[in-house]
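# Reading the structure
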Amino acid sequence: MAQHQGLVEKLDKVVRQYPDFPQKGILFRDVHPIMSDPAIRKELQDYYATQYQAQDIDVVVGLDSRGYYFGVPLADRLNVPFVPIRKGGKLPGATYKIEYAKEYGKDSLEIQIEAIKPGQRVVVLDDLLATGGTIGGACQLLEKVGAVIVACEFVIELVDLDGKKQIPQGVKYNSLLKY
Ligand SMILES: O=P(O)(O)OC[C@H]1O[C@H](OP(=O)(O)OP(=O)(O)O)[C@H](O)[C@@H]1O
Ligand SMILES: Nc1ncnc2[nH]cnc12
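Residues numbered from 1 in each chain as written. Chains lettered and ligands numbered in written order. Predicted model: local features only at pLDDT ≥ 70, side-chain atom pairs only at ≥ 80, totals over all residues. Heavy atoms only, no water.

The protein chain carries the name adenine phosphoribosyltransferase in an unreviewed UniProt entry, which gives Planoprotostelium fungivorum as its organism. We quote the UniProt Pathway (unreviewed entry) comment for the protein chain here in full: "Purine metabolism; AMP biosynthesis via salvage pathway; AMP from adenine: step 1/1." Under the heading Catalytic activity (unreviewed entry), UniProt records this for the protein chain: "AMP + diphosphate = 5-phospho-alpha-D-ribose 1-diphosphate + adenine". (UniProt positions renumbered as here; feature names shortened; annotations may be inferred.)

Written out as structure tokens, the structure reads:
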């Protein structure tokens, strides 16, 4: 049994599913109950801190918007910068931008060019991996700024959608709940 099996079971108990949200045919997996439960939230933050405290992480990256829930606390624990990758049109100054498709629609992502220096080691957090469009786009942006992607972390992975194939070869990824 994995050392974090207890955490996985607690997460599984609180994550709720909503059929036909935000569109017909989508089974939406909602992480917000994790945020509402201080004990589980802290256990998850402790888990991420344990995973990454010895990995020489320079920057924690979170994906708009649910990735911020998990990314900012990890950056606090590691005492490193947090850098958001935002939906298009939200970030001022010089940015790189990319268009991508996700499970329920098309979107765009942006990063501020100067937020990460070439060679900096980053870990990327998001709540959920579905088709992988979002993480694939995010990794392309991180490659453009010259980041070294140490790992991509998801609370939930929808395995049948095979989103992991969008993560660049050789980049580690991890998900806690697999549905
Ligand atoms: O693997 P994919 O098919 O790309 O889907 C996963 C993405 O979709 C959701 O974000 P969404 O764009 O709905 O934004 P939100 O976090 O602001 O709700 C989720 O938080 C992931 O970022
Ligand atoms: N099924 C799903 N549930 C929650 N967030 C999602 N993002 C993309 N697909 C999703």
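After that view of the structure, there is still more to cover.
Put simply, helix H3 (residues 38–52) and helix H4 (residues 67–78) touch, their axes get as near as 9 Å, and they point 55° apart. Viewed along their axes, H3 and H4 adopt a mutual orientation that is oblique. Read as a crossing pair, H3 and H4 show a hand that is right-handed. Where H3 abuts H4, its residues Lys42, Leu44, Gln45, Asp46, Tyr48, Ala49 and Tyr52 lie against Phe70, Pro73, Leu74, Arg77 and Leu78. Considered class by class, the residues forming the contact of H3 with H4 number 8 nonpolar, 1 polar and 3 charged. (Axes fitted to C-alpha atoms, helices over the stretch in contact; angles between N-to-C directions. Helix = DSSP H or I, 4+ residues; strand = E, 2+ residues; numbered from the N terminus. Parallel < 35°, antiparallel > 145°, perpendicular 65-115°, else oblique. Left-handed = near helix turned anticlockwise from the far one by under 90°. Contact = heavy atoms within 4.5 Å. Nonpolar A, V, L, I, M, F, W, Y, C, P; charged D, E, K, R; others polar.)

A cis amide bond, omega -5°, links Phe21 with the succeeding residue Pro22. Looking at where Pro22 falls in the secondary structure, it is placed in the loop between strand S1 (16–19) and strand S2 (27–30). The phi dihedral of Asp20 is positive, around 60°, even though this residue is not glycine. Residue placement: Asp20 occurs in the loop between S1 and S2. Despite not being glycine, Asp162 has its phi angle at roughly 55°, a positive value. With respect to the helices and strands, Asp162 occurs in the loop between strand S8 (148–157) and strand S9 (172–178).

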